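If you want the building blocks of each chain, they are given just below.
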Amino acid sequence: MRLAFARTLAIIASLLVFSLVSPPANASSRPGCECSTPSIDRLQQWLASGEGATVPPTGTLLVPEGHRYAAKVTFLNAEWHVVVVWLGNQFDAQADLSHSTGFWLTYRATDDLYVQLRPASHWSGGDKWLTPVPSTRGKLVTKFFSFRPEAWTSLPELGTPAYSFASALAEARGLVFVGKTPNRLEFRGLRVDGYRPPCL
């Protein structure tokens with residue numbers, strides 16, 4: 001009887017250890033888990049658009065950083081630079097962020113810049129709703145950016161949006177980082193409240 005009980009305990013213990021060291025087969029689909037291809041908080045498309053001189057000049061910004069990925073880009077010269085993050089991980093996708101309070105950004109920047117919320121119906125052009133992204137003086141910080149309408153504005157130099165901020169939230173295609181000064185940028189996290197990007 002004691003031997004059978006001891007064997008049962010041994011089996012249970014081995015199963016517990018196995019479950020602790022072996023992630024479930026569908027771990028990549030759980031909230032908060034990364035995609036099977038390079039991503040930051042499940043966002044797979046961090047792109048240099050080719051607008052303004054940047055390093056890299058075009059293509060993905062994602063590079064290995066330990067066991068995860070970071071998006072790194074350098075803005076060169078005093079001109080407008082554009083870096084794009086597709087919220088649905090493909091250009092034709094969009095997300096309804098109407099009920100979201102905002103997003104958390106983990107980043108470092110050597111100078112100030114802006115982030116635009118670009119809707120699917122008004123994707124092109126500079127006349128977008130934007131909010132300042134302050135310099136961190138090269139330090140890694142996490143900052144919350146609210147989706148309260150009063151936190152967003154436009155720049156006369158880029159033009160005034162011909163649509164409401166509420167409509168941009170309802171059909172958000174991407175967050176676009178823009179800046180007009182030389183800058184060294186690194187992004188480590190971007191989590192939108194109430195939204196989970198689909199892995200592609």
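Residues numbered from 1 in each chain as written. Predicted model: local features only at pLDDT ≥ 70, side-chain atom pairs only at ≥ 80, totals over all residues. Heavy atoms only, no water.

A.B. asks: I'd like a description of the packing of aromatic side chains, backed by residues and values.
C.D. replies: This structure, assessed with the given rule, holds 10 aromatic pairs. Aromatic side chains Phe 91 and Trp 123 sit 5.6 Å apart centroid to centroid with 85° between the ring planes, which places their arrangement in the edge-to-face category. In this pair, Phe 91 is assigned in the loop between strand S6 (81-86) and strand S7 (102-109) and Trp 123 in the loop between strand S8 (113-119) and strand S9 (129-133), connecting sequence segments 32 residues apart. On the basis of relative accessibility, which here comes to 32%, the residue Phe 91 falls in the partly exposed class. Three or more aromatic residues joined by ring pairs form one cluster here, namely Phe 103, Trp 129, Phe 145, Phe 147, Trp 152 and Phe 165. One Lys or Arg, Arg 118, reaches over the ring of Trp 123 and ends 5.6 Å from the middle of that ring. Note that Arg 173 overlies the ring of Phe 91, its terminal NZ or CZ placed 4.1 Å from the centroid. (Phe/Tyr/Trp six-rings, centres within 6.5 Å; stacked < 30°, edge-to-face > 60°. Helix = DSSP H or I, 4+ residues; strand = E, 2+ residues; numbered from the N terminus. Buried < 20%, exposed > 50% of the residue type's maximum accessible area, 1.4 Å probe, protein only. Lys NZ or Arg CZ within 6 Å of the ring centre and 35° of its normal.)

A.B. asks: Which residues make up the sheet that holds S6, and what values go with them?
C.D. replies: Read across the open sheet, the 6 strands follow the order S3-S1-S6-S11-S8-S9; overall the sheet is antiparallel. Every other strand in the sheet has two partners, leaving strand S3 (59-60) and S9 as the edge strands with one partner each. Looking at chain direction, S8 and S9 are connected through 5 bridges and run antiparallel. For Tyr 114, the partnering residue across the bridge sits in S9 and is Pro 132. (Pairing = 2+ DSSP bridges.)

A.B. asks: Could you give an account of unusual backbone geometry, naming the residues involved and the relevant values?
C.D. replies: Of note, the amide linkage connecting Val 55 to Pro 56 takes the cis form, showing an omega dihedral of 0°. By the secondary structure assignment, Pro 56 is in the loop between strand S2 (54-55) and S3. Even without being a glycine, Arg 42 presents a positive backbone phi close to 70°. Mapping Arg 42 onto the fold places it in the loop between helix H1 (2-21) and strand S1 (46-48). For Asn 77, which is not glycine, the phi dihedral falls at a positive 70°. Judged by its relative accessible area of 46%, Asn 77 falls in the partly exposed class.

A.B. asks: Could you give me a rundown of the pattern of salt bridges, with the residues and numbers involved?
C.D. replies: Here the idea is simple: oppositely charged side chains can pair when their charged atoms come close. All told, the structure shown has 8 salt bridges when counted by the stated rule. One salt bridge connects Glu 65 with Lys 72, and the closest N-O pair in it is separated by 3.0 Å. Judged by its relative accessible area of 34%, Lys 72 is partly exposed. The closest approach of N and O atoms between Glu 186 and Arg 108, which form a salt bridge, is 2.9 Å. With Glu 186 in strand S12 (residues 183-192) and Arg 108 in strand S7, this pair connects stretches of sequence that are 78 residues apart. Given the relative accessible area of 24%, Arg 108 is considered partly exposed. Residues participating in the shared-partner salt-bridge network are Glu 65, Lys 72, Arg 108, Glu 186 and Arg 188. (Salt bridge = Lys/Arg side-chain N within 4 Å of Asp/Glu carboxyl O.)

Honestly, that's just the spatial picture; any functional story needs more than this.
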